[in-house]
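# Geometric and topological summary
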Amino acid sequence: MEREKIAEVIRSGKAVLGMEFGSTRIKAVLVDPEGNPIASGSHGWENRLENQIWTYSLKDIREGLQDCYAGLKQDVKEKYGETLTQLAAMGFSGMMHGYMAFDKDNESFKKRIGIDRAASSYKVRVRSRNHLAAFIKKCYKRSDISMLELTPDFIKEYEIYLSTDAGLHNGSVWSHCMWLKTIVSKAHYNGLTPRNPFAQYRVNQNIKERQYLTEDEIKAVMTHEFADKKLAYIRDLFVFASFTALSFVDIKELTTDDIVEINGEKWILSKRHKTKVNFQVKLLDIPLQIIKRYERFQEDKLVFPNLNYWNICKPLKKMIKECDISKDISFHCTRHGFATLALSKGVPIESVSRVLGHTNITTTQKYAKITTEKIDKDLTMFGNRLNQSFSEISIAM
C-alpha cells in the first residue's frame, strides 16, 4: 500500500494496534485493514525476582507500555507525517499477560489492609499467586501464560496439582481455585479476555466436619491440673474463649475499656477485628474468674497482654492431649463449641449469631452443630405441646 493510502488509513482510524509483552521487550505493531504492518515501536525490559517468582512490576508495565506506544507514534509521524489519534481496534498478548490481573487485584487488596482487610489475608493471596506460578512452571515449562491461552482443563489440572504436588487439603485447594476463577472472571468482565474459560467450572469444597469440645470435654479441660504453668495459662485462654466466643485476635486486642457494666452485670462491648461488626458478650462467672486471675499481669489496658498465636498453636494441642482428648482441636474451635453449646441450652440462633459477631445467620449455622441431645429436647418439647393440643382428638375409624 503506497504512503498516501496508508496515511489515509491512519487519519480515518482504520488501523489496528497490537501490543505484545515478551520476556525481554514490549512491542507495538500497527497494521492496516489487511493485516500488513505499517509502523512499530518497542521497549526493552527485564524481569525481577520477587517472592521467589520472576515477574514484572505494574510500574514497569505502565512505563514500558507508554514508552513503547510513544515510539510507535513517532514512527508513524516520521513515515507518514500523521499523528495517531484513533484506532479501529487494539489487542494485547504476551508471556506475562496472565499475571497482570492477579497483581492488580493483590495491589488493590493490599491498600485495604488495616481498613477492612487483614495482612494475613493478603499473605494468603500472595501464596496463592506463588502456587499458580509454580504450577505453570512445572506443568507448562514456562514462567507465565497468557489468559487467551487458558482452557477449561487448565483449572482442572491446577486443582489436581494443588492436592498432589502442593499437598494441600481440600479447603485450601477450594480457596486457591476459587481465587483463580474469580480473577479470570473479572478479567473477562473488564474486557481483558474475550471469553471466560472457567465459567462452567465448579470446585467441590467438601467441607469436613467441624471439630469442637463437648460439654463434658470442656469440664475435663477445666478441672485438669497442669504441672506446666504455660499449659495452664493456655487452658485458661481456651476456656475464656469457649465461654465468650471471642476469636484469638479479639482476645489479644481485648482491653479493660471494652468491659463495661450494664445493670450490674459485666459485658464486653466491642467490634470484631475481622469484620468490624459490633458484638456484645455477657461475662459469665467463669470468664470473670479468669480475668481476675490474671489481673495483675495486665499491661497498657490489655486484659491478656503479649499474646502470640503461633506460640500457642503447638502447646494448645499438647494441652488438649494431656486431657485425654484425641480430637484435632485449634483455638478457633472454641467458637464452634460455644455456638453448639449455646444452641443445645436453648439460646436462640439469633442471639448466638449476635454474640459471634456474624453478619448473617447462615454463617452461624455453619459454626454450630445440632447435637442429638438438642434434637431430642426439641422434639420432646414439640411432642408435649402436640399432646396437649390433640389430647381430646382420636383418629376416626
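Treat the numbers as computed from the prediction; the structure is a model and nothing was measured. Counting from 1, residues in each chain are numbered in the order their sequence is written. A pLDDT threshold of at least 70 governs which residues receive local features in this predicted model, and a stricter bar of 80 or more applies before side-chain atom pairs are shown or counted, although totals over entire chains, interfaces and linings include all residues. Here the side-chain values reflect all heavy atoms present in the structure, with hydrogen atoms and water set aside.

## Examining the pairing of strand S7 (residues 259–262)
It is a general feature of regular strands that their side chains alternate between the two faces of the sheet. Applicable threshold: We treat two strands as partners when DSSP finds at least two bridges between them. Only DSSP runs of H or I reaching four residues or more are called helices, and only runs of E reaching two or more are called strands; each is numbered from the N terminus.
When S7 meets strand S8 (residues 265–271), the two strands line up antiparallel, connected through four bridges. Within S8, the residue paired with Ile-262 across the bridge is Glu-265. The antiparallel hairpin formed by S7 and S8 contains two residues in its connecting segment, where Asn-263 sits at a positive phi of about 50°.

## Things to note about the pairing of strand S3 (residues 37–44)
Bridging between strand S2 (residues 25–31) and S3 involves seven bridges; their strand directions are antiparallel. Pairing of Val-29 across the sheet is with Ser-40, part of S3. Hairpin remark: S2 followed by S3, antiparallel, with five residues in the connecting loop; positive phi at Gly-35, about 90°.

## Here's the deal with the sheet that holds S8
Condition: Note on definitions: angles span 0 to 180 degrees between N-to-C directions of axes, and those axes are lines fitted to C-alpha atoms, for helices only across the stretch in contact.
Spatially, the three strands line up as an open sheet ordered S7-S8-S9, and their pairing is antiparallel. Strands at the two margins of the open sheet, each flanked by one partner only, are S7 and strand S9 (278–282). Each adjacent strand pair in this sheet contributes to an overall mean axis angle of 35°, direction not counted. Direction of pairing for S8 relative to S9: antiparallel, over a ladder of five bridges. When the bridges of S9 are listed, Ile-268 appears paired with Val-281.

## Thoughts on the pattern of salt bridges
Where side chains of opposite charge bring their charged atoms close, a pairing between them can arise. As a reminder of what qualifies: Definition used for salt bridges: Asp or Glu carboxyl oxygen within 4 Å of a side-chain nitrogen of Lys or Arg. Whether a residue is buried, partly exposed or exposed follows from its accessible area with a 1.4 Å probe, protein chains only, as a fraction of its type maximum: under 20%, in between, or over 50%, in that order.
Taken as a whole, this structure holds 18 salt bridges when the rule is applied. For the salt bridge of Arg-11 with Glu-4, the shortest nitrogen-to-oxygen distance reads 3.0 Å. Take Glu-4: its relative accessible area is 46%, and that puts it in the partly exposed class. Asp-105 serves as the salt-bridge partner of Arg-125, at 2.4 Å between the closest nitrogen and oxygen. Linking Arg-125 in helix H4 (residues 119–140) with Asp-105 in helix H3 (residues 97–111), this pair joins segments that are 20 residues apart in sequence.

Everything listed is a geometric property; what it means functionally is a separate question.
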